Amino acid sequence: MIAKIFASGILLLDIGLIALLSALLVKKFTGHQGVRRYVDEAFEFLTQYYREAAFVLGTTSTLGSLYMSKILEIPACEFCWYQRILIFPMPVILGVSIFMDKDDVADYILSLAMLGVPISLYHYIVQMTRISTSSCSTAVSCNSVQVHEFGFVTMPWMSLTFFCSTVVLMLLSYRRP
């Protein structure tokens, strides 16, 4: 049940990312004033609150990961641990930056998220195609699927969505005046 709730949240986040990118393309290629105003307002909001949005995403991802491993007892494979190593410090860094009112964290968070994208993408491909990988040496196989909702949402997909969302938010921070 909880896995389905997490998967539903990820699905909504995926839809939001696609809608944001689609609106950006429509704005760029059509110049429609209604779309332009909507996209500008959305980007202005996200640009203003990028740290807070990334903090909420990071905290949710961290707590979700811990809940799945400690409460639901879903074991983590080697690639899961690599992704966790990159996710877990993000809420701490973002929380401190919000508390101290420091805007200079985008580079640090962006570097962690950019490292996480290829790891989670590769892990997702390994799981969905059942490719055997020699780099996975833990007791849990990296191609075993513990969560599979809506036909495509697995734990690496959740991680990939989080990393991509964080990359988008951190890139928006560079738009600040």
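Residues numbered from 1 in each chain as written. Predicted model: local features only at pLDDT ≥ 70, side-chain atom pairs only at ≥ 80, totals over all residues. Heavy atoms only, no water.

Engineer: Hey, could you run me through the packing of helix 1 (residues 2–30) against helix 7 (residues 155–173) in this one?
Structural biologist: Angle between the axes and distance between the axes: these two values describe a pair of packed helices. Running from N to C, helix 1 and helix 7 cross one another at 40°; their axes reach a closest spacing of 10 Å. With respect to the hand of their crossing, helix 1 and helix 7 are arranged in left-handed fashion. Of the residues in helix 7, those touching helix 1 at Ala3, Phe6, Ala7, Ile10, Leu13, Asp14, Leu17 and Leu20 are Trp157, Met158, Thr161, Cys164, Ser165 and Val168. Along the lines of polarity and charge, the residues of the contact of helix 1 with helix 7 split into 11 nonpolar, 2 polar and 1 charged. (Axes fitted to C-alpha atoms, helices over the stretch in contact; angles between N-to-C directions. Helix = DSSP H or I, 4+ residues; strand = E, 2+ residues; numbered from the N terminus. Left-handed = near helix turned anticlockwise from the far one by under 90°. Contact = heavy atoms within 4.5 Å. Nonpolar A, V, L, I, M, F, W, Y, C, P; charged D, E, K, R; others polar.)

Engineer: Sorry, what's going on with helix 2 (residues 33–48) here?
Structural biologist: Given a rise of 1.5 Å per residue, 16 residues ought to cover 22 Å, and the 22 Å separating the end C-alpha atoms of helix 2 matches this to within 8%. Buried within helix 2 we find Val39, Ala42, Phe43 and Thr47. All buried residues of helix 2 project into a common sector of 130° when viewed along the axis, lining one side. Away from its buried face by more than 90 degrees, helix 2 exposes Gln33, Arg37, Tyr38 and Glu44. (Expected span 1.5 Å × (residues − 1). Buried < 20%, exposed > 50% of the residue type's maximum accessible area, 1.4 Å probe, protein only. Arc of directions from axis to C-beta.)

Engineer: What exactly am I supposed to notice about the environment of Phe55 here?
Structural biologist: Locating Phe55 in the fold gives a position in helix 3 (residues 50–71). Sequence spacing of Phe55 and Ile93 is 38 residues, and the spatial spacing of their C-alpha atoms is 8.7 Å. Setting aside its immediate chain neighbours within four residues, Phe55 contacts Pro91, Leu94, Gly95 and Ile98.

Engineer: Teacher, can you tell me more about the packing of aromatic side chains here?
Structural biologist: Centre-to-centre distance and the angle between the planes together describe a pair of aromatic rings. Counted by the stated rule, this structure contains 6 aromatic pairs. A centroid spacing of 6.0 Å and a plane angle of 70° characterise the contact between Phe79 and Tyr82, whose relative ring orientation is edge-to-face. Here Phe79 and its partner Tyr82 are both found in helix 4 (residues 78–87), 3 residues apart, which amounts to about one turn of the helix. The class of Tyr82 is partly exposed, set by a relative accessible area of 35%. In this structure an aromatic cluster arises from ring pairing among Phe79, Tyr82 and Tyr122. Above the face of the Phe150 ring, Lys4 is positioned so that its terminal group lies 5.1 Å from the ring centre. Its guanidinium or amino end placed over the ring of Trp81, Arg84 lies 4.8 Å from that ring's centre, counting from NZ or CZ. (Phe/Tyr/Trp six-rings, centres within 6.5 Å; stacked < 30°, edge-to-face > 60°. Lys NZ or Arg CZ within 6 Å of the ring centre and 35° of its normal.)

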